Amino acid sequence: FPTINPSTGEIICQVAEADKADVDKAVKAACNAFRLGSPWRRMDASDRGRLLYKLADAIERDSAYLAELETLDNGKPYVIAYLADLPLVVKCLRYYAGWADKWEGKTIPVDGDYFTYTRHEPVGVCGQIIPWNFPLVMQAWKLGPALATGNTVVMKVAEQTPLTALYVASLIKEVGFPEGVVNILPGMGPTAGAAIANHMDVDKVAFTGSTEVGHLIQKAAGSSNLKKVTLELGGKSPNIILSDANLENAVEQSHIGLFFNQGQCCCAGSRVFVQSDVYDEFVERSVARAERRVVGDPFDFKTEQGPQVDQEQFNKILGYISSGKREGAKLMCGGGVAADRGYFIQPTVFGDVQDSMIIAREEIFGPVMQIFKFKTLEEVITRANDTKYGLAASVFTTDIDKANFVSSGLRAGTVWINCYNVFASQAPFGGYKASGNGRELGEYGLEAYTEVKTVTVKVPQKTS
Amino acid sequence: MAQRGTTRNGVADKIPASDLPQPVKIQQVRYTKIFINNEWHTSASGRTFPTRNPATGDTICEVQEADKEDVDKAVAAAKAAMQLDSAWRKMEPPRRGRLLHKLADLVERDRKLLATLETLDTGKPFLQAFFTDLEGSIKTLHYYGGWADKIHGKSVPVDETYLCLTRHEPIGICGAIIPWNFPLLMLMWKLAPALSCGNTVVIKPAEQTPLTALHIGSLIKEAGFPPGVVNIIPGFGSTAGAAIASHEGIDKVAFTGSTEVGQLIKEAAAKSNLKRVTLELGGKNPCIVFADCDLQMAVEEIQKGAFYNQGQCCTAASRVFVQDRIYEEFVRRSIENAKKIVIGDPLDPQTTHGPQIDQQQFEKIIGLIESGKKEGAKLEYGGGAVGEKSLFIHPTIFSEVKDSMRIAKEEIFGPVLCIFSFKSKQEVIERANNSQYGLVSAVFTTSMDRALSVSGALETGTVWINCYNAMHVQTPFGGYKMSGNGRELGEYALAEYSEVKTVTFKMNDSM
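Residues numbered from 1 in each chain as written. Chains lettered and ligands numbered in written order. Predicted model: local features only at pLDDT ≥ 70, side-chain atom pairs only at ≥ 80, totals over all residues. Heavy atoms only, no water.

Defined as follows: UniProt positions are given in the numbering used here, feature names are shortened, and annotations may be inferred rather than shown by experiment.
Under an unreviewed UniProt entry, the name given to chain B is Aldehyde dehydrogenase 1 family, member A3, and the source organism is Poecilia reticulata. Taken from UniProt, the Sequence similarities (unreviewed entry) comment for chain B reads in full: "Belongs to the aldehyde dehydrogenase family."

Going by an unreviewed UniProt entry, chain A carries the name aldehyde dehydrogenase (NAD(+)) and comes from Poecilia reticulata. What UniProt records for chain A under Sequence similarities (unreviewed entry) is the sentence "Belongs to the aldehyde dehydrogenase family."

This is the structure we're talking about:
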């Protein structure tokens, strides 16, 4: 199948298309690499960590090339791929490299003459289905914890953006991971992805993508072998600006919070609630900022916003913009196509949005900001929580009590206070409600890749 | 990358002799000064002291001798590096971890040189230095490099409207006093967790063995640690060491050495500023060999335990209790096994046994051996010095040792294996625990029940089952009773280098 450069609409190259038979091959290899007595199962945990560390070093070495490839395939500005995406990848792998020999079980004082301890064992063969918005970063978020804990992996990369993950596969071989530990398949969701989710020999599936497909994955897991499931899905994240906020910081952070990565972030701050006192000024400043946003060739260092990833997304976003106009939201800037070639959309801001509008409720996944007005804290918390999603949220305020109150009340897996899109390998990330199950990153990220085994030994007489 | 594989007496199995690493020819030792603020200083007093090669008696070189004034300078540097706005305090934790990984890589680069220096300074066989001391040092640095950004506090649910968090902060300036038996490795056991947690350090290596520590100073600078984070002060215990223990500006001291000096350190810490204290002290470690054990394996492991590093290990297997049924056979096989030991020049790859560290230790060990003979233990093998004028002592085996003898009670710190017999499990556990020490112990048996119940009953910080000296950076190590306070290695060490701060926010009740 072809992979396309979204800046031009042209085909970059053809990629082998994996389907069920290829998934079967990969799962077989992963099972074999996981068998009792295999090099991977016998490897010292600290050596697993050393391999991850070496992989991070190799990726760092090839950063410039990988950033170029990422920009070609995905459309994100090169400067950002190089300065943001690649360092996040390297840091994530180094972070998990450090955990490999530190993920400890316990000895537990139980009743009776028994000696009881727990082992933290790998789950086994882990299917991982990753999205197109941050191809390399999403790959690292999945490989890091899975490999640190000793699992083997069958990974399906997004059909829109297979190239960088495939290059990383060559580095996995280069640094010395045993055969079969990591297997990477380019292919389509309904074929290769479904094959993984339904496979009887895959012990766990991790999926990042749309909530719609998340439902399918979970159903498939349930109807096949009850494989463990973790999901990172969509969001309609509320960004709440209180009247005592530092407005300049709030405007800039809110802008990045929505427009970053062409608006293609699961945690995009796509509902901006602004307290009535500062509403007009906030809107005016946000519109000015959006109008200044530089849309263009992602290889141009001045560019802030590249194209959307493909025709389908492009059409969908334009559809949402139409619905916004139709339902009476106030179009403040943008609202259309930004170039003749490629999938470029103008940075768009809607003001006076009502909670019932389609653009207020559905995930757009594009450069379209919705701004709402609110009066009180209780009201805004209620409205912010009134969504099936619960991935992220933010509060801008200088008042410590308000920050505590609002952040405690929001039903979201990450709450940013006076900032947005702060990602750290050390801190867990994941969704409440339909935004997902489970957490990635941090120590918490290890749990989904672990089976806890309790071992209880009868002893003739125990001693405390 | 480190290879999996066992090491016996520090030599990796299955490496052909032609591929074994060679010692480096050292024309002149490069680093002999005091390391403060990433710079090399001469001593305030102008004094130097010689460091000697115990295998030959030759002086290797002169080293600057630090005293109280130099310690004060080092503490001032460490304090400056610890200020709130300093590069070190502001450094992101993952970057601290990267520096530790970088240091590990540099140690790996200079591995042969460091192993050679260690051998010249301590007398330990070069291959042991290369495969055990250097391997352990590199692994320790990598392990703690991985912890730096994983030092978690908690958020805690409390009564009423408060938000409560704990922060695990660095303690501050940590003094570390290092012994001479594993100079580089013991340095890393302190340096790595201390730096991982964000502290600054003032380190005094042993006066007998300062050289590898000083070389590390050059690597600290090369790796990119900010000045003042690590300071290395060669000198004597009673002067520089005492200055550290009683310094009002040092927040914590970690000491590895004799129990006797450990007590002095703790007293000094209490009398000065109540600095936090961790101690790794002596041991009189019991091995219990049950009749159902794999006898040959027990003989070999225990011999490793007794004679490794010329017996100069806090973990030395110094009281071996053998069940009466297999006692004769055990003694016989131990003697046979001891004949495999090769005494010689530590730089020679064939050598597995080198000299004792210095004259003082030599005389103490000989004195205890003589007491063994005098008090009626049966000398089965060895029993004295090798040759007329050297620090080499024969691996020595005593049998029929009684619990009341001096060699049964006092830490010898030399190559002396003492074998006792016992009848019952109950009896031997009592006798094993009957000691002021409690560092390590070992149990040899094929019975799972016996292994679990005996290991539960022994009052030691480590219990080895069917092995000896199995040390891992991931697992805590330390003593019960007078063998020490606190734990090194593993996650547990982090607690010794952190200060817990509880932060409690009152929240507005009406919101």
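Looking at the overall build of chain A
Stated precisely, the cut-off is as follows: Under the DSSP-based scheme used, a helix requires at least four consecutive residues in state H or I and a strand at least two consecutive residues in state E, with every element numbered from the N terminus. Within these notes, the globule rule equals 2.2 Å times the number of residues to the 0.38 power, and the radius of gyration is based on C-alpha atoms. Burial status follows relative accessibility: with a 1.4 Å probe on protein chains alone, a residue under 20% of its type maximum counts as buried, one over 50% as exposed, and anything between as partly exposed.
Across its full length, chain A holds 15 helices and 18 strands. Relative to a compact globule of 464 residues, whose C-alpha radius of gyration would be 23 Å, chain A shows 23 Å and is just as compact. By principal-axis analysis of the C-alpha atoms, chain A measures approximately 75 × 55 × 40 Å. Here chain A, with 464 residues, has 59% of them falling under the buried criterion.

Some remarks on the domain arrangement of chain B
Frequently, the measure chosen for interface size is the accessible area removed from exposure when the parts meet. Residues and elements named next belong to chain B. Quick note on the threshold: Here the bounds of each domain stem from an automatic or database domain assignment. The contact rule is simple, with two residues in contact once any of their heavy atoms fall within 4.5 Å. Side-chain atoms alone can form a polar contact between residues adjacent in sequence; in general such a contact is a pair of N or O atoms within 3.5 Å, and within protein one must be able to donate a hydrogen while the other accepts it. Amino acids outside the nonpolar list (Ala, Val, Leu, Ile, Met, Phe, Trp, Tyr, Cys, Pro) and the charged list (Asp, Glu, Lys, Arg) are all regarded as polar, and Gly is one of them.
For chain B, the assigned domains read domain 1 (34-281 + 485-499) and domain 2 (285-473). The distance between the C-alpha centroids of domain 1 and domain 2 comes to 31 Å. The interface of domain 1 with domain 2 comprises 31 residues on the first partner and 27 residues on the second. Taken together, the links from domain 1 to domain 2 amount to seven residue pairs in polar contact (both at pLDDT 80 or more). Among the elements that line the side of domain 1 that touches domain 2, the one with the most residues is helix 5 (residues 126-147), at nine residues. Here the residues of the side of domain 1 that touches domain 2 are counted per class, giving 13 nonpolar, 12 polar and six charged.

Examining the packing of aromatic side chains
How two aromatic rings sit relative to each other is set out by the distance from centre to centre and by the angle between their planes. Test applied: Paired rings are identified among Phe, Tyr and Trp, the last through its six-membered ring, by centres lying within 6.5 Å, and are further divided according to the angle between planes into stacked (under 30 degrees), edge-to-face (over 60) and tilted (the rest). When the NZ atom of lysine or the CZ atom of arginine is within 6 Å of a ring's centre and also within 35 degrees of its normal, the charge is said to sit over that ring.
All chains considered together, the criterion is met by 32 aromatic pairs over all chains. Seen in terms of ring centroids, Trp141(A) and Phe423(A) are 5.8 Å apart; in terms of plane orientation they differ by 50°. Their pairing is tilted. Here Phe423(A) lies in the loop between strand 16 (414-417) and strand 17 (436-437) and Trp141(A) lies in helix 6 (residues 135-148), a separation of 282 residues in the sequence. Ring geometry for Phe182(B) against Tyr308(B): centres 6.4 Å apart, planes inclined by 25°, an arrangement best described as stacked. In this pair, Phe182(B) sits in the loop between strand 9 (173-177) and helix 6 (183-196) while Tyr308(B) sits in the loop between helix 10 (295-307) and strand 15 (319-323), placing the two residues 126 residues apart along the sequence. Judged by relative accessible area, which is 10%, Phe182(B) ranks as buried. According to the relative accessible area criterion, Tyr308(B) is buried, its value standing at 10%. In textbook terms, an aromatic cluster arises when at least three aromatic residues are bridged by ring pairs, as seen for Trp99(A), Trp103(A), Tyr143(B), Tyr144(B) and Trp147(B). Above the face of the Tyr143(B) ring, Lys102(A) is positioned so that its terminal group lies 4.0 Å from the ring centre. Directly above the aromatic system of Tyr114(A) lies the positively charged group of Lys458(A), at a separation of 5.4 Å from the ring centroid.

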